[in-house]
Amino acid sequence: MVLADFWERLATEYHPAAVSRRNQVPLRLFVILVLCATMAWRSGFEFLLGWSAAYVVVQVAELQALRRFLASSHPSSIVGFNLVTDLMMAVVFGWVAIPLWQIGTPAAAAAGALLILGSILTALMGAEGCLGAFLSAVTPHLIYLFVLPIFGGSRNDPVTPYFLIGAGLFLLVLAMVFMWSRKAMQAERSARLAAEAQTAAKSAFVAMVSHELRTPINALLNGANALERQAGIDRGAASLIASAGGMMKTLLNDLLDYSKIEAGRMGVEVVDYDLRAAVNETALLWRAEARSKGIKLEVKGARLLPQWVRGDPMRLRQILNNLLSNAIKFTAKGGVTLSIAMVEGPQGREVAITVVDTGRGLSEDQIARLFNAYDQLGAATARSYGGTGLGLAISRDLARLMGGSLSAAADSGGGARFQLILPAPPGVAPPVANATETAALEAVADAPLVLVVDDHDINRRTLRGILEAFGAQVETAEDAETALEAAHARVFDAILMDVRMPGVDGLEATRRLRASGLNQATPVIAVTGAVTPEDIAACKAAGMTGWVEKPVNATALYAALFGAASA
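Residues numbered from 1 in each chain as written. Predicted model: local features only at pLDDT ≥ 70, side-chain atom pairs only at ≥ 80, totals over all residues. Heavy atoms only, no water.

A. View of the sheet that holds strand β6 (residues 405-410). Read from one edge of the open sheet, 5 strands run β2-β4-β5-β7-β6, paired in mixed fashion. Looking at the sheet topology across the chains shown, the edges are occupied by β2 (296-300) and β6. Averaged over all pairs of adjacent strands, the angle between their axes in this sheet comes to 15°, without regard to strand direction. Relative to strand β5 (residues 348-357), strand β4 (residues 335-345) runs antiparallel, the two sharing 10 bridges. Paired with S339 across the two strands is T354, which belongs to β5. The sheet contacts of helix α13 (residues 391-401) involve β6 and β7 (416-423), and relative to β6 the element is tilted by about 135°. (Pairing = 2+ DSSP bridges. Helix = DSSP H or I, 4+ residues; strand = E, 2+ residues; numbered from the N terminus. Axes fitted to C-alpha atoms, helices over the stretch in contact; angles between N-to-C directions. Contact = heavy atoms within 4.5 Å.)

As structure tokens, then:
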């Protein structure tokens, strides 16, 4: 066990050195090429040809060993072999200093010594603080440095003792430099690991808080919508509750998205989608807001767009929502214009979307700070308009993830101008639903029996209310075990499955459903607050048919049920 731990630690330390040594291969080959090109053709230097051939053989062996090590899932089992190849590389490379010294001229002796010293410095840089890598690559060169006067015919030279003393002092300095660099690199790696762990912990905390907060927000939004539909209810109060819930959802989504971007876990998808519909529907959502402020929201160029393109429609809508929200928020009079055009970019066809407002405009200092997270251009802006200051930072990062860009400038008319450019390769329209799919939708619409699985009573009651308004019969389960018992007793038309539950989670419950029982083929819809591509892929891998995001929107839930029935 102790020996296994030693090799594990050594493999971990050696990994940065392996990357560095692999990157140094072109430099070593360049040195060989220069030496052979300038000296091998001269009389007395024929030994360079045999030396370079031997070096190339050993270099190929080392390169293969490095690639194998870096690709291995168990590098501790082969790190010893890598150290041996590094040692052989040093033995072969440093040997050339002996015949150079034996030539007998001061310049040749200096060339041999410089070659050894250069190799030692290269090994020092390539070791990346790993003691094993340093010793295997440097030890042969140090031996050569001390034996050069002996094998080079200079043992009777009165200056030889001073040369050996100088070599000893160099060895001392080299050891001190290595220990200093080792400590510095270890400190840097420890700090980086601590920062990564802190970021991961923060992301996990934000994800947990997000999951917990989505439950009351879900109830607020759907409860307010239910109130607005009832007669004799103060609809203004219900609308106020819905607006507050919507604001909480937006703030929560911003915090969660930025946390994912910081952790490098944010992903985008590439699917065929209706570009015209995505732009027009997003603009339509903001027309009422613009009208309530007495300003005009105008869309130009949408009719000239190709209908079907490839990209991420959800992230496109998210960016447009941020841009239109800000433009309307900061415009007191006049209007907001959203212009769209197709352009040819360096990588092919792109869509250029420009949002221009007639608001107060932007100074150069504000433009420089505009995309900084949590920066709202001053305390007065935060007090007057609210928000987290994350919307534009998230939008810019999403644009970059999709292969595009988002920029800002002061408009010549006095307002602000934002331009979003995204790749827009041609897409394909989806197939038209056939008779079988239509029948499946009608079957679902005819009083389906749905099992709702969620550990929160609020979520179960909320989903029951949405589904019963749709005409469905609903049965609920508070955990996976209860749900599995219900699924073994009767056949359901659909199952809504919370993903994160204590004990057996929704993914494992779905895997068990798919393994046996009456509901092996029943559509299972994931109800989750985690909707990254990785999370959705995990749901699909577990056997889930579709997904809907918390807080649950009734329209999205119905669409997910219909989609599952027609799949």
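Resuming the write-up.
B. Molecular detail of the pattern of salt bridges. Tallying each qualifying case throughout the model produces 13 salt bridges. In this structure, the salt-bridge partner of R310 is D272, at a minimum N-O distance of 3.1 Å. One end of the pair, R310, is in strand β3 (residues 308-311); the other, D272, is in strand β1 (residues 271-274), with 38 residues separating them in the sequence. Residue D272 is classed as partly exposed on the basis of its relative accessible area of 32%. When salt bridges with common partners are traced through the structure, they connect R21, R28, E62 and D86 into a single cluster. (Salt bridge = Lys/Arg side-chain N within 4 Å of Asp/Glu carboxyl O. Buried < 20%, exposed > 50% of the residue type's maximum accessible area, 1.4 Å probe, protein only.)

C. Up close: the confidence of the model for the protein chain. Per-residue confidence for the protein chain averages 81 on the pLDDT scale, and 81% of its residues sit at or above 70. Of all the helices and strands in the protein chain, helix α12 (residues 379-385) carries the lowest mean pLDDT, 44, while β7 carries the highest, 92. This model gives residues 379-387 a pLDDT under 50, and the stretch forms 12 contacts once residues within four places in sequence are excluded. This stretch, residues 433-445, has a pLDDT under 50; its non-local contacts, to residues over four places away or in other chains, come to 10 contacts. (pLDDT = per-residue confidence, 0-100.)

D. Quick look at the environment of S407. Structurally, S407 can be placed in strand β6. Once the C-alpha coordinates of S407 and I421 are considered, the two residues, 14 residues apart in sequence, prove to be 8.8 Å apart. Beyond its immediate sequence surroundings of up to four residues, S407 is in contact with F371, R417, F418 and Q419.

E. Quick look at helix α2 (residues 47-71). A rise of 1.5 Å per residue sets the reference length of α2, with its 25 residues, at 36 Å; its end C-alpha atoms lie 36 Å apart and thus fit the reference within 8%. Residues of α2 that are buried make contact with α1 (2-40), α3 (79-95) and α4 (97-102). (Expected span 1.5 Å × (residues − 1).)

F. Focus on the packing of α3 against helix α6 (residues 131-151). Axis separation between α3 and α6 bottoms out at 8 Å; the angle between their running directions is 25°. Taken together, the axes of α3 and α6 lie roughly parallel to each other. Two packed elements cross with a definite hand, and for α3 against α6 that hand is right-handed. The residues of α6 that touch α3, namely those facing L83, D86, L87, A90, V91, F93, G94 and W95, are G132, A133, S136, A137, P140, H141 and Y144. Its residues assigned to classes, the contact of α3 with α6 comprises 10 nonpolar, 4 polar and 1 charged. (Parallel < 35°, antiparallel > 145°, perpendicular 65-115°, else oblique. Left-handed = near helix turned anticlockwise from the far one by under 90°. Nonpolar A, V, L, I, M, F, W, Y, C, P; charged D, E, K, R; others polar.)

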